[in-house]
Amino acid sequence: MLEQIAYAAQIVGVVAVVATLIYLAIQVRQGTALLRSESRQAQLSNDQNGVYKFVEHPDLGRIFSQTETPSFEEKTRLIFWMIGQMRAREFEWLQYKSGAMDKEAWESYRGVIYFVLGTERARNLWAQCRSYFNVGFVQMVSDMMEGVPPTDYWDDLAKIE
């Protein structure tokens, strides 16, 4: 009789352990989903802030593409806007590398780098400030921009009637 009670206790113990493991797995999955959601919200906020800077300062696009050399103040505005945008991309890249962001989401955010570094002036400014960023991120940007010609985005925008 005592032996049967011991077996029953073992079975109950195994069931309790399995139930606990299932519960913990569900909690981890929910925590991961919450982390990804919060990460995407932060990324969306970063992107919107960058867009709003262009709304507040529409001359940034002109300064990026104009043939005349910008003033020191204009270059300062450009480089700090660029640092903000590239810092947001670096954050997203770090989220991707840590598994908090999936590949598809990362690739959609990564595409903004082509826009930010679309002109020769932007690339020169990036060369000036890239030492402030994660070395792996800088290498990734270098690899993705290799052989990519400058865009005519700003000129094309100016031509729209």
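## Here we look at the overall build of the chain
Moving on, step 1. Scanning the chain for helices and strands turns up eight helices and zero strands.
Moving on, step 2. Taken from the N to the C terminus, the helices and strands of the chain come in the order α-α-α-α-α-α-α-α.
Moving on, step 3. Burial analysis of the chain (161 residues in total) assigns 30% to the buried set.
Moving on, step 4. Across the chain, the fraction of contacts at a sequence separation of at least 24, relative to all contacts at a separation of at least 6, is 72%.
Moving on, step 5. When the accessible surface of the chain is split by element, carbon and sulfur atoms take 60% of a total near 10,800 Å².

## Concerning helix α3 (residues 72-98)
Moving on, step 1. The end-to-end C-alpha separation of α3 is 38 Å, in line with the 39 Å expected for 27 residues at 1.5 Å each.
Moving on, step 2. G99 sits one or two residues past α3 and shows a positive phi near 90 degrees.

## Thoughts on the pattern of salt bridges
Moving on, step 1. Under the defined criterion, the tally for this structure stands at five salt bridges.
Moving on, step 2. Salt-bridge contacts for R77 lead to D59; the nearest nitrogen and oxygen are separated by 2.2 Å. With a gap of 18 residues between them, R77 in helix α3 and D59 in helix α2 (residues 59-65) connect regions that are remote in the sequence.
Moving on, step 3. A salt bridge links E74 to R62, with the shortest nitrogen-to-oxygen separation between them at 3.8 Å. Of this pair, E74 sits in helix α3 while R62 sits in helix α2, and the two are 12 residues apart along the sequence.
Moving on, step 4. The class for E74 is buried, based on a relative accessible area of 17%.

Here is what the cut-offs are and how they apply
- Residue indices follow the written sequence of each chain, beginning from 1 at its first position.
- Local features in this predicted model are restricted to residues of pLDDT 70 or higher, and side-chain atom pairs are both shown and tallied only at a pLDDT of 80 or more, whereas totals for entire chains, interfaces and linings draw on every residue.
- Side-chain measures were taken over the full set of non-hydrogen atoms in the model, leaving aside hydrogen atoms and water.
- Secondary structure elements follow DSSP: runs of H or I of four or more residues count as helices, runs of E of two or more count as strands, with numbering from the N terminus.
- Each residue is placed in one exposure class: buried if its accessible area under a 1.4 Å probe, protein chains only, is under 20% of its type's maximum, exposed if it is over 50%, and partly exposed if it falls in between.
- Contacts between residues were defined by any pair of non-hydrogen atoms, one from each residue, lying within 4.5 Å.
- Note on areas: these come from Shrake-Rupley sampling with a 1.4 Å probe, and a residue is covered only by the protein chains present in the view.
- Multiply 1.5 Å by the residue count of a helix minus one, and that product is the helix's expected span.
- Any Lys or Arg side-chain nitrogen found within 4 Å of a carboxyl oxygen on Asp or Glu counts as a salt bridge.

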